[in-house]
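Understanding the architecture of this molecule
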Amino acid sequence: MKRIVTLRPPREGDAAIHFEHAPEAEIVRMFGGDPDNLRKPSLTWSENWVAWLREHRFGQVILADGTLVGEVRLHHFDDTDNAARLAIGLFSTGYLNQGIGRQAIQQTLTIAFNDFKLKRVDLRVLAFNTRAIRCYQACGFTHIGTEQIDIRGKPADEWTMSCENRS
């Protein structure tokens, strides 16, 4: 069953919902965080998350069938090159493999290219995050470079992927 995915700006009540989602080891690991040292949820941290997301030129919460499930944002806007960087995160592994991320990214790219008139959107992803890479490729992103980074004292490959406005 295909989920109905919508985006909207964050609002105050979102902090309480965010607070209900304790960090999961698998989600944290895919972002390069330490899955063995998970942050304890706090309402203050969730309120700060809402405020931080609001500060972005484009920071949206992701709703699946009306339920808050994550965030998507455009940041690092380069007004000279008409480009920005995409970041997306779902709160729980229970929301993966349902097409939610793909729909949210496609909606964000439509806004990026049509409303913001961007020529390019890029992103960075850890090379071992193959689920995310498949999603990004399905949305039109291509691998344009690899950089070796340090994650908790170990080397890891981080890909840069890019999607060009084809209209």
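A brief structural summary.

Rules and cut-offs
Residues numbered from 1 in each chain as written. Predicted model: local features only at pLDDT ≥ 70, side-chain atom pairs only at ≥ 80, totals over all residues. Heavy atoms only, no water. Buried < 20%, exposed > 50% of the residue type's maximum accessible area, 1.4 Å probe, protein only. Helix = DSSP H or I, 4+ residues; strand = E, 2+ residues; numbered from the N terminus. Pairing = 2+ DSSP bridges. Right-handed = clockwise from strand over helix to strand, strands pointing away. Expected span 1.5 Å × (residues − 1). Arc of directions from axis to C-beta. Contact = heavy atoms within 4.5 Å.

1. Points about the pairing of strand E4 (residues 83–90)
- Across the eight residues of E4, seven count as buried, placing the element largely inside the fold.
- Where strand E3 (residues 67–78) lies against E4, seven bridges are found, and the strand directions are antiparallel. Within E4, the position partnered with Glu 71 by the bridge is Gly 89.
- Hairpin connection of E3 to E4: four residues between the antiparallel strands, including Asn 82 at a positive phi of 50°.
- One ladder, built from three bridges, connects E4 with strand E5 (residues 120–126); its direction is parallel. The partner of Arg 85 across the bridge, within E5, is Asp 122.

2. As for the pairing of E5
- Extensive coverage of E5 is indicated by the burial of five of its seven residues.
- This β-α-β element, E4 to helix H4 (residues 100–114) to E5, shows right-handed connectivity.
- Here E5 runs beside strand E7 (residues 154–164); their pairing, made up of seven bridges, is antiparallel. Bridge pairing in E7 links Arg 124 to Thr 160.

3. A short note on unusual backbone geometry
- Its identity as a non-glycine residue notwithstanding, Lys 117 has a phi of 60°, on the positive side.
- Structurally, Lys 117 can be placed in the loop between H4 and E5.
- In this model, Arg 152 sits at a positive phi of 50°, which is unusual for a non-glycine residue.
- We classify Arg 152 as partly exposed; its relative accessible area is 46%.

4. Some words on helix H3 (residues 43–54)
- With twelve residues, H3 should cover 16 Å at 1.5 Å per step; its first-to-last C-alpha distance of 17 Å lies within 8% of that length.
- Restricting attention to buried positions, one finds in H3 the residues Ser 46, Trp 49, Val 50 and Leu 53. Down the axis of H3, the sector holding all buried residues measures 95°, keeping them to one side.
- Elements in contact with the buried residues of H3: helix H1 (14–19), strand E2 (58–64) and E3.

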